[in-house]
Amino acid sequence: MAVLQTIRKRSGLLLLAIGFALLAFVVQDLFTKGFKSQSKDVGSINGKDISFDEFRIKVANAEKNGQNGQPVTQIQAANQMWDQEVAIALISDQFEKAGIRTSENNIIEIFKKDPNIGQNPAFLNQLGKFDLAKFKEFFKNNPEQAKAFEDRQKDAEINAKYQVYSTMVKAGLYATNADGKFKYKLEADKINFDYVSVLYSTIKDSDVKISDADILDYMKKNEKKFKSEETREIEYVLIENKPSVKDEAEMKAKINGLLSGSVVYNKGTGINDTLPSFKSATNVSEFIAENSDKPYDSTYIAKQDLPAEHADKLFALPAGEIYGPYINGNYYCLSKAMGKKAGDKVKSSHILISWVGAERAAPKEKRTKEQAKVKADALLAQAVANPAMFQMLAFTNSEDPSVQQNGGDMGYISRETNFAKGFKDFVFNNPVGKIGIAETEFGYHIINVTDKQDAIRLATVAQKIEPSEVTNNEIYTKATKFEMDANSNKDFAAVAKAAKLTVNPAVKAKAMEEAFGAAGNQRQIIKWAYTSDTNVGDVKRFEVVNVGNIIARLKKINEKGLMTVEDAKPSVEGILKNKKKAEKIIAKMKGTSLEAIAAANATTVQNAPAAAVENSVLANVGAEPKVVGAAFGTPANKISAPIEGNSGVYIVKAKAVTKAPKLPKYDDYVAKLKAANAQSAGRVFPALKNDAKIDDNRLEFY
């Protein structure tokens, strides 16, 4: 409304300005787009174009379906689908190169692993096994379903090929008996050695200086570790759309007026009408409908679900009495007690034992109803004898997968909750601590009633505390003035300080992100920062619904390549400091014996009695694989050169190596290596992506 009012007040000048702006926009559009056609592809992977028309349909479906039951934004869906397109394109190239083909059997096996297909009663035979004939017959008789199923077939074919490909990769990462023997020796060969150590912590960090040039040089030498995508750094000022003190006072006065009756003139009848107060209103739901920004809620509420700050007083409210006005979030509220119910909320835990034919029973279930009762009675006896074991019994026996992992906890339900009747009857008709059995269509439930709570019903008038039109106009004026001042003055921070506003820390955003610090998802701001005609130092105001005005400034553009020194510093600075400390320490570690070196460095000679390459932990300092490895490579009774370890600089003197006895076979160690190699197969895709030529044009469309 504030913007509309401002437009109306300046309509004459504004229309003229709009005319010029539209002309400029058309001319600019001719130059920026008329002579440069926008790509029809959302990107390409190794020369294979990804059509935007096909991509947007996939994005729309992903946005509609969500992820793991949670809604997703368009940008999240676009990122999810892009990652999928990249993965499919890269891995499909490998299928072609390896000559991988799939048969119907491969695809059917993939389908069978999907519970919605493999366990669907429509596709099972009398023995509960997947029936391929039934599966095919279903789609033969349902052509519309068959057409919709085509995409799933394509996905299944890719999955089937990937399983073959993954198996081939894992098979190539083999381990021999010799490898197993070597692994055994790394674990079992022991060395006894003495050593002198001077820890890095003995030198103050302030005594070694690391410059940005040092960090940059290290990054260049280890370029692969410090690759970074292109980013934009955007700092901003937020001017919130929030009510003034005067607005709050007026809202409080308005809701206070509902506590007493009021007289208003009725234009229709020409006489004054006397309106009832909230307390005297005979039709509470109608009164709330006329005076509240939230509808009447007739449900009973437990104390724990009431606003924490007011819960005690609201729950203790006698029937018919009113509490308030009070603030709950962004609302001024008045609440009237409409009655209480004892034990309306019940918490319980259960163990489900099902039988053949029970609702939602597993397809593989073979137990009869009689056998289920025998098992349920046995579990009941154990639970009654030792209630503390109930959770463990649920972990190990319950056939309800939704609660199996939390000890059978069903949470709180009310009498209005849609729940199996036998279960509800038991929990509401028995006291806390009662353990017993109830039968429902799902099976036998061994139930433990763990808590009961009374509940109250409240009739609440809630009026939102919003900025008035006057306040909105003041906010608009302040925001537009700040935008103009910031555009004419290069010092964004100084302009903010003069306006008594805070500059928020810069948000570092990638091209296809939308999260914008504390302001939440603000895709339009990030897209603006990546627009070709937005330059470093440019400022723009954005009106954000339910937030306010964000005045953003493009602070910095970080090109694709090496990450910034600022980003690398936390991980690199410590490494370089230890390197410089090592130089200082090595310069003083002189001597012909460990004792002489220890004396020169005010430390002592220590002993590692039985270290192994794969158990390289030294007392009081932690893992030092380089030190233990050097000890194995140092001739007996000789001292080594200084070794730069994880925690300090070491010099070692080997005393004795104890060779592990030979084994008749090394199968266990070969198995360890095979398991480790299987994990290595997961590195294939990142390697393919690293070497691929990927053009991402999504910024043109989203």
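Residue numbers restart at each chain and count upward from 1, following the sequence in its written direction. pLDDT decides what is reported in this predicted model: residues at 70 or higher carry local features, side-chain atom pairs at 80 or more are listed and counted, and totals for whole chains, interfaces and linings draw on all residues regardless. The basis for the side-chain values is all heavy atoms of the structure; hydrogens and waters are excluded.

Caption draft 1: Structural context of the overall build of the protein chain. Secondary structure elements follow DSSP: runs of H or I of four or more residues count as helices, runs of E of two or more count as strands, with numbering from the N terminus. Broken down by element type, the protein chain carries 26 helices and 23 strands. Here the protein chain has a C-alpha radius of gyration of 36 Å; the compact-globule value for 702 residues is 27 Å, and the former is much larger. Its C-alpha atoms give the protein chain principal-axis dimensions of roughly 115 × 85 × 65 Å. Partly exposed describes any residue whose relative accessible area lies between the buried limit of under 20% and the exposed limit of over 50%, with all areas from a 1.4 Å probe on protein chains only and scaled to the type maximum. When the 702 residues of the protein chain are sorted by exposure, 35% land in the buried category. As displayed, the protein chain offers around 41,600 Å² of accessible surface, 52% of which is attributable to carbon and sulfur atoms. In this tally Asp and Glu are treated as negative and Lys and Arg as positive; neither His nor the chain ends contributes. By convention, charge coordinates are those of NZ in Lys, CZ in Arg, CG in Asp, or CD in Glu. Charged side chains of the protein chain number 99 positive and 87 negative; the gap between the two group centres comes to 4 Å. Throughout, radius of gyration means the C-alpha value; the globule benchmark is 2.2 Å times the number of residues raised to the power 0.38. Here, Shrake-Rupley sampling with a 1.4 Å probe gives the accessible areas, and only protein chains in the shown set may cover a residue.

Caption draft 2: The arrangement of the side chain of Q453 in detail. The topology assignment puts Q453 in strand β13 (residues 443-464). Only 3.4 Å separates the side chain of Q453 from the side chain of Q304, close enough to count as a polar contact. By the criterion applied in these results, polar contacts are pairs of N or O atoms within 3.5 Å in which, for protein atoms, one can donate a hydrogen and the other can accept it, and in which residues neighboring in sequence qualify only through two side-chain atoms. Reaching out from Q453, the side chain makes a polar contact with the side chain of Y412 at a distance of 3.3 Å. Whether two residues touch is decided by their heavy atoms; if any such pair falls within 4.5 Å, the residues are in contact. Residues in contact with Q453, not counting those within four places in the same chain, are A302, Q304, G343, D344, K345 and Y412.

Caption draft 3: View of the side chain of S292. Within the secondary structure, S292 sits in the loop between α13 (284-291) and β8 (301-302). For S292, a relative accessible area of 13% corresponds to the buried category. A distance of 2.8 Å separates the side chain of S292 from the backbone oxygen of K294, its partner in a polar contact. Side-chain polar atoms of S292 contact the backbone nitrogen of A462, separated by 3.0 Å. Those residues in contact with S292, other than ones at most four positions away along the chain, are T460, V461 and A462.

Caption draft 4: Seen up close, unusual backbone geometry. Across the junction of G324 and P325, the peptide omega takes the value 5°, indicating a cis bond. Examined against the element boundaries, P325 turns out to sit in strand β9 (residues 322-328). Unlike most non-glycine residues, K500 shows phi in positive territory, near 60°. With respect to the secondary-structure elements, K500 resides in the loop between α20 (492-498) and β14 (503-510). In this structure, N620 takes a positive phi of about 70° despite not being glycine. For N620, the location among the structural elements is in the loop between β19 (617-618) and β20 (622-623).

Caption draft 5: View of the sheet that holds strand β18 (residues 606-611). Each pair of strands is called paired provided DSSP finds at least two bridges between the two strands. Strand order across the open sheet formed by four strands is β18-β3-β22-β21, with antiparallel pairing between neighbours. A single partner strand is all that each edge strand has here, and the edge strands are β18 and β21 (643-644). Here two bridges tie β21 to strand β22 (residues 648-658), and the two strands are oriented antiparallel to one another. Its bridge partner lying in β22, I643 is registered against Y650. The strands touched by helix α24 (residues 625-633) within the sheet are β3 (190-199), β18, β21 and β22, with β3 carrying the most contacts at an inclination of about 125°. In this description, a line fitted to the C-alpha atoms serves as the axis of each element, helices being fitted only across the stretch in contact, and the angle between N-to-C directions of two axes falls anywhere from 0 to 180 degrees.

Caption draft 6: Quick look at the packing of helix α11 (residues 212-221) against helix α22 (residues 565-588). Packing of α11 against α22 leaves a shortest axis separation of 9 Å and a crossing angle of 95°. The angle between α11 and α22 falls in the class roughly perpendicular. From α11, D212, D214, I215, L216, Y218 and M219 reach across to α22, where they touch V565, A568, K569, V572, I575, L576 and K580. For this scheme, ten residues count as nonpolar: Ala, Val, Leu, Ile, Met, Phe, Trp, Tyr, Cys and Pro. Four count as charged, namely Asp, Glu, Lys and Arg, and the remainder, Gly too, count as polar. Tallied by class, the residues present in the contact of α11 with α22 amount to nine nonpolar, no polar and four charged. Roughly parallel means an angle under 35 degrees; roughly antiparallel, over 145; roughly perpendicular, 65 to 115; everything else is oblique.

Caption draft 7: Representation of the nonpolar core in the model. For this analysis, a nonpolar core means a set of buried residues of the types Ala, Val, Leu, Ile, Met, Phe, Trp, Tyr and Cys, connected via side-chain atoms within 4.5 Å. Among the nonpolar cores identified, the biggest contains 26 residues, and I45, F55, V59, W82 and Y702 are the most heavily contacted of them. With residues near it in sequence (within four places) discarded, F55 still touches V42, I50, A78, M81, W82, E85, R698 and Y702. Counting 16 residues, the second largest nonpolar core, distinct from the first, contains F516, I525, A529 and L554.

Caption draft 8: Expanded view of the sheet that holds strand β15 (residues 539-544). Read across the open sheet, the four strands follow the order β14-β5-β16-β15; overall the sheet is antiparallel. Strands at the two margins of the open sheet, each flanked by one partner only, are β14 and β15. On average, adjacent strands in this sheet sit at an angle of 35° to one another, irrespective of strand direction. The pairing of strand β5 (residues 231-240) with β14 spans six bridges and is classified as antiparallel. Bridge pairing links V237 to V503 in β14. On top of the sheet, helix α19 (residues 469-488) reaches β5, β15 and β16 (548-558); it is set at about 160° to β15, its chief contact. Packed on one face of the sheet, helix α21 (residues 523-530) meets β5, β14, β15 and β16 and runs near 135° to β5.

Caption draft 9: A look at the pattern of salt bridges. Should a side-chain nitrogen of Lys or Arg be within 4 Å of a carboxyl oxygen of Asp or Glu, the pair is scored as a salt bridge. Under the definition given, this model contains 32 salt bridges. R367 is the salt-bridge partner of E399, the closest N and O atoms lying 2.9 Å from each other. Of this pair, E399 sits in the loop between α16 (390-397) and α17 (401-404) while R367 sits in the loop between β10 (331-353) and α15 (369-385), placing them 32 residues apart in sequence. On the basis of relative accessibility, which here comes to 17%, the residue R367 falls in the buried class.

Caption draft 10: Spotlight on the packing of aromatic side chains. Stacked, tilted and edge-to-face are the three classes assigned to paired rings of Phe, Tyr and Trp, where Trp is represented by its six-membered ring and a pair needs centres within 6.5 Å; plane angles under 30 degrees give stacked, over 60 edge-to-face, the rest tilted. Evaluation of the coordinates by the stated rule reveals 21 aromatic pairs. Pairing F55 with Y702 gives two aromatic rings, centres 6.3 Å apart and planes at 70°, and the pair type is edge-to-face. Of this pair, F55 sits in helix α3 (residues 52-65) while Y702 sits in the segment after β23 (694-696), placing them 647 residues apart in sequence. Assigned by exposure class, F55 and Y702 land together as buried.

Caption draft 11: Structural detail: the environment of G257. With respect to the helices, strands and loops of the structure, G257 is situated in the loop between α12 (245-256) and β6 (262-266). Under the relative-accessibility criterion, G257 is labelled partly exposed at 32%. Separated by 420 residues in the primary sequence, G257 and N677 have C-alpha atoms spaced 75 Å apart.

Caption draft 12: Summary view of the packing of helix α10 (residues 177-188) against helix α25 (residues 667-680). Packing of α10 against α25 leaves a shortest axis separation of 8 Å and a crossing angle of 95°. Relative to α25, α10 is oriented roughly perpendicular. Residues N177, D179, G180, K183, Y184 and E187 of α10 pack against Y669, V670, K672 and L673 of α25. Class assignment of the residues belonging to the contact of α10 with α25 gives a composition of four nonpolar, two polar and four charged.

Caption draft 13: Just the environment of K689, in detail. Mapped onto the elements of the fold, K689 is located in helix α26 (residues 684-691). On a C-alpha basis, the gap between K689 and G411 in space is 45 Å, while along the polypeptide they are 278 residues apart. Setting aside residues up to four positions removed in sequence, K689 forms contacts with L90 and I694.

Caption draft 14: Broad picture of a nonpolar patch on the surface. Patch membership needs two things, relative accessible area over 30% and no salt bridge, and members are linked within 9 Å if like-charged or within 5 Å if nonpolar (Val, Leu, Ile, Met, Phe, Trp, Tyr). A grouping of M389, M392 and F395 is seen on the molecular surface, where their side chains present a nonpolar patch of about 250 Å² in accessible area. Its place among the elements puts M392 in helix α16. Residue classification places M392 among the partly exposed positions, given a relative accessible area of 44%.

Caption draft 15: Molecular detail of the pairing of β15. Of the strand pairs in this sheet, β15 and β16 are connected by six bridges, and their pairing is antiparallel. Paired with E543 across the two strands is N549, which belongs to β16. Between β15 and β16, which pair antiparallel in sequence order, lie three residues; one of them, N546, sits at a positive phi of approximately 65°.

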